[in-house]
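# Chain and residue survey
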Amino acid sequence: MNVDSFPDNPYLLLTPGPLSTTKTVKAAMLRDWCTWDDDYNSIVQEIRKELVSLAVNSVEKYTAVLMQGSGTFSVEATIGSAVPPGGKLLVLANGAYGDRIATIAKVLNIHLAVIDSGDTGPVNLEDLENKLAQDEDITHVAVVHTETTTGMLNPAEKIAGVVKKHNKVFILDAMSSFGGIPLNMEELGIDFLVSSANKCIQGVPGFGFVIAKRDAMEKIKGYARSLSLDLYSQWKTMEDQNGKWRFTSATHVVRAFRQALDELHEEGGIEARYRRYHENQITLVSGMKELGFKPLLPDEHHSPIITTFLSPDSKEYEFKRFYDELKKHGFVIYPGKVTRYECFRIGNIGEVYKEDINRLLEALKESMYWNKNI
Ligand SMILES: *Cc1c(COP(=O)(O)O)cnc(C)c1O
């Protein structure tokens, strides 16, 4: 399809999802699909297969399931379906998304323990080791890979080492990292990995997905605490009925995701995408530092996904006005999510390149209304 005549987006989304997508991904949505027809279900099957092959080498030992809704629905489906009655979940939290996993467990009346290292604190592996040695009731451990609250990259590999040493089921919320940061589920021993359509694979919002060890998935039959968010039943239907969803699926979004996966391959796969995001983030941080902004986290804890900057120390500064100025220049940024600090966030995932970041830095200079000396 020739998409040149499609209108450009009025601004570039520098947000952690939904994010800026290509015109070709958007164009892929321009037709309707019948959900019980093979044409559609074979797309679902291809997607499931491809997700597995992005996550592991031994594809036969793993499987994938798609779930309607935003990413949180897939996290909730996983927590609510994987932990058996009488099981206990340990959550390693250092931000809003880790807290959200703990909240899901509370709402579902799942036995819960939390190690909270604060919004800016890295996961403490010693605390994890001690907790697992001490509390034998714990059956499952969940952690966020890239904590999108701050941009913190949690050391999945080191955490997995401790979790697997204690033989616990490991659940990784890789929502904002899968597809953008290389990771081998098998090497890490991850049992369930959760992500969604509208983050680093660069699709549009509407469904999430879970990649799991096949034998871990087979074990969870009947555990779900919800009808629609029953991960096992959703998986079993897709598995036995050749890609069929249990309830109405986001057909257009699924077709757009197929296109987004093709474009990930065209770019050179996850490694290439990681390099682009990394270059974006490095360019952003060094340019922002030159303009006098300070990142919240030290460089060594940073993911290449999103960066939190402290708000300028000026009485005249106000996020809303700064946001509006940048929007006039064609860029949309994100408010902060760390309550203890005045801050804002700039994401660099999606259809965003180094040239865009350089244009952003120019626009920023002109948007710093509180500092006319620059
Ligand atoms: C985006 C995100 C989610 C899911 O958020 P939704 O708004 O439900 O899509 C969960 N965890 C992390 C780390 C995220 O970045």
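Rules behind the numbers
Residues numbered from 1 in each chain as written. Predicted model: local features only at pLDDT ≥ 70, side-chain atom pairs only at ≥ 80, totals over all residues. Heavy atoms only, no water. Domains from an automatic or database assignment. Contact = heavy atoms within 4.5 Å. Buried area = accessible area lost by both parts, 1.4 Å probe. Salt bridge = Lys/Arg side-chain N within 4 Å of Asp/Glu carboxyl O. Near = heavy atom within 4 Å. Polar contact = N/O pair within 3.5 Å; in protein donor to acceptor, adjacent residues only side chain to side chain. Areas by Shrake-Rupley, 256 points an atom, 1.4 Å probe, with all protein chains shown as cover. Helix = DSSP H or I, 4+ residues; strand = E, 2+ residues; numbered from the N terminus. Nonpolar A, V, L, I, M, F, W, Y, C, P; charged D, E, K, R; others polar. Phe/Tyr/Trp six-rings, centres within 6.5 Å; stacked < 30°, edge-to-face > 60°. Buried < 20%, exposed > 50% of the residue type's maximum accessible area, 1.4 Å probe, protein only. Pairing = 2+ DSSP bridges. Axes fitted to C-alpha atoms, helices over the stretch in contact; angles between N-to-C directions.

## Overview of the domain arrangement of the protein chain
- Taken domain by domain, the protein chain holds domain 1 (30-265) and domain 2 (269-367).
- Placing the centre of domain 1 and that of domain 2 at their C-alpha centroids yields a distance of 28 Å.
- Opposite the 25 residues of domain 1 that make contact, domain 2 presents 26 residues.
- For the pairing of domain 1 and domain 2, the buried interface totals around 2100 Å² over both sides, and the portion due to carbon and sulfur atoms is 61%.
- Taken together, the connections running from domain 1 to domain 2 amount to zero salt bridges.

## Notes on the site of the ligand
- Around the ligand, the structure places Ser70, Gly71, Thr72, Tyr97, Arg100, Val144, Thr146, Thr148, Asp173, Met175, Ser176 and Lys199.
- One of the side-chain nitrogen or oxygen atoms of Lys199 is found 2.8 Å away from an oxygen atom of the ligand.
- Its free accessible area being 380 Å², the ligand has 86% of it covered by the protein chains.
- Of all elements in the fold, only helix H3 (71-82) and helix H4 (96-107) reach the threshold of two or more residues within the shell around the ligand.
- Looking at the shell around the ligand residue by residue, the class counts come to three nonpolar, six polar and three charged.

## Focus on the packing of aromatic side chains
- Per the counting criterion, the structure on display carries 16 aromatic pairs.
- Ring centres 5.8 Å apart and planes at 50° place the aromatic pair Phe209 and Phe257 in the tilted group. Taken together, the residues span a long stretch of sequence, with Phe209 in strand S10 (residues 207-213) and Phe257 in helix H10 (residues 251-267) at a distance of 48 residues. Assigned by exposure class, Phe209 and Phe257 land together as buried.
- With 5.8 Å between their ring centres and 55° between their planes, Tyr232 and Trp235 make a pair best called tilted. Placement of the pair is Tyr232 and Trp235 together in helix H9 (residues 231-240), with a separation of three residues, close to one helical turn.

## Concerning the sheet that holds strand S13 (residues 334-335)
- Overall, antiparallel pairing links the three strands, which are arranged S11-S14-S13 in an open sheet. Of all the strands in the sheet, the pair left with one neighbour each is strand S11 (306-310) and S13.
- Relative to strand S14 (residues 343-347), S13 runs antiparallel, the two being bridged by two bridges. Considered in S14, the bridge of Tyr334 is made with Arg345.
- On the sheet, helix H11 (residues 269-290) packs against S11 and S14 and is oriented at approximately 10° with respect to S11.

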